[in-house]
Amino acid sequence: RILRVMFKIGLHQADLILVQSQFLKIELIELHKISEKKIKVVPFFEEIERSRVKEINSSIFYPSGYGKHKGFELLANLWKKNKSLPTLKVCLDNESFQNVFKGIERVENLGVLSHKEMLNEISNCSLVVYPSRFESLGLGLLEAIQLDKKVVVYKTDYSLEFVSGVEYFDGTLESLQIAIQKILSNNSVSTCLKIENNLD
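Just so we're clear, the structure is a prediction, and the values are computed from it rather than from any experiment. (Residues numbered from 1 in each chain as written. Predicted model: local features only at pLDDT ≥ 70, side-chain atom pairs only at ≥ 80, totals over all residues. Heavy atoms only, no water.)

Asker: Which parts of the structure should I look at to understand the packing of aromatic side chains?
Answerer: The geometry of an aromatic ring pair comes down to the distance between the two centres and the angle between the two planes. By the definition in use, this model includes 7 aromatic pairs. Ring geometry for Tyr62 against Phe72: centres 4.6 Å apart, planes inclined by 35 degrees, an arrangement best described as tilted. Placement of Tyr62 in strand 3 (residues 60-62) and of Phe72 in helix 3 (residues 72-81) is noted, with a sequence separation of 10 residues between them. For the pair Tyr62 and Phe72, one class covers both residues: buried. For the pair Tyr62 and Tyr130, a centre-to-centre distance of 5.4 Å together with 80 degrees between the ring planes defines the contact as edge-to-face. Here Tyr62 is found in strand 3, whereas its partner Tyr130 is found in strand 6 (residues 127-130), with 68 residues between them in sequence. (Phe/Tyr/Trp six-rings, centres within 6.5 Å; stacked < 30°, edge-to-face > 60°. Helix = DSSP H or I, 4+ residues; strand = E, 2+ residues; numbered from the N terminus. Buried < 20%, exposed > 50% of the residue type's maximum accessible area, 1.4 Å probe, protein only.)

Laid out in structure tokens, this is it:
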């Protein structure tokens, strides 16, 4: 509560507010009554060079740490029920992994990864899944697109604003399973970013 009060005071005292997406700008205007003139949309992210990967494994990778909004529980339920899916790789601390995936087969925890290790895993997998319900930007998602990977992502404000050529799902288990199976069987997927890096 204290942080929320400080945040609100900070918003109204600031001369300029930088956000990374249009939908966040709209939320600040609508929820906090901030003047549109005080808010500037400045997406910024590291630009990743695509590199040729000799061997792509059949795994599915989720490049994210744990959070309640991140969708790990949805993945756990899907892998628990569907025995035909490829191995899912995640990069969680051991406690979070045990809490969510304990006893579920074909889920591999890589542990907390460095940024370089994360990029290597994205490059080597056959599909990146991104079931997060909310992101201010979603760096793992943007990096997967820059590395030319097939992607399944939650259909919501951030994903619709930032990327195209991906397979969307509506947040349900059935929709996620259909999206994964559909994109894995499609060899002509072409993804791209709809935003540009504004950080010079």
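Asker: Whenever I open this one, a nonpolar patch on the surface confuses me. Can you help?
Answerer: Judged by side-chain polarity, Ile2, Leu3 and Met6 come together as a nonpolar surface patch covering roughly 390 Å² of accessible area. Tracing the backbone through its elements, the reader meets Met6 in helix 1 (residues 2-13). Here Met6 falls in the exposed class, since its relative accessible area comes to 54%. (Patch = residues over 30% accessible without salt bridge, like charges linked within 9 Å, V, L, I, M, F, W, Y side chains within 5 Å. Areas by Shrake-Rupley, 256 points an atom, 1.4 Å probe, with all protein chains shown as cover. Salt bridge = Lys/Arg side-chain N within 4 Å of Asp/Glu carboxyl O.)

Asker: So what exactly am I meant to see when it comes to the state of the cysteines here?
Answerer: Here a disulfide denotes one covalent bond, and it connects the sulfur atoms of two cysteines. Applying the stated criterion across every chain yields a total of 0 disulfides. The closest cysteine sulfur to the non-disulfide-bonded Cys125 is located on Cys91, 11 Å from its own sulfur. For Cys125, a relative accessible area of 0% gives the class buried. (Disulfide = S-S within 2.5 Å.)

Asker: How do you make sense of the sheet that holds strand 5 (residues 107-109) when you look at a structure like this?
Answerer: As a general point, the strands of a sheet are linked pairwise by backbone hydrogen bonds and lie either parallel or antiparallel. What the 6 strands build is an open sheet, ordered 5-4-3-6-7-9; its pairing is parallel. Each edge of the open sheet is held by one strand with a lone partner, namely strand 5 and strand 9 (167-169). With direction set aside, neighbouring strand axes in the sheet form an average angle of 25 degrees. Lying on the sheet, helix 8 (residues 173-184) is in contact with strand 3, strand 6, strand 7 (151-154) and strand 9; it crosses strand 9 at an angle near 170 degrees. (Pairing = 2+ DSSP bridges. Axes fitted to C-alpha atoms, helices over the stretch in contact; angles between N-to-C directions. Contact = heavy atoms within 4.5 Å.)

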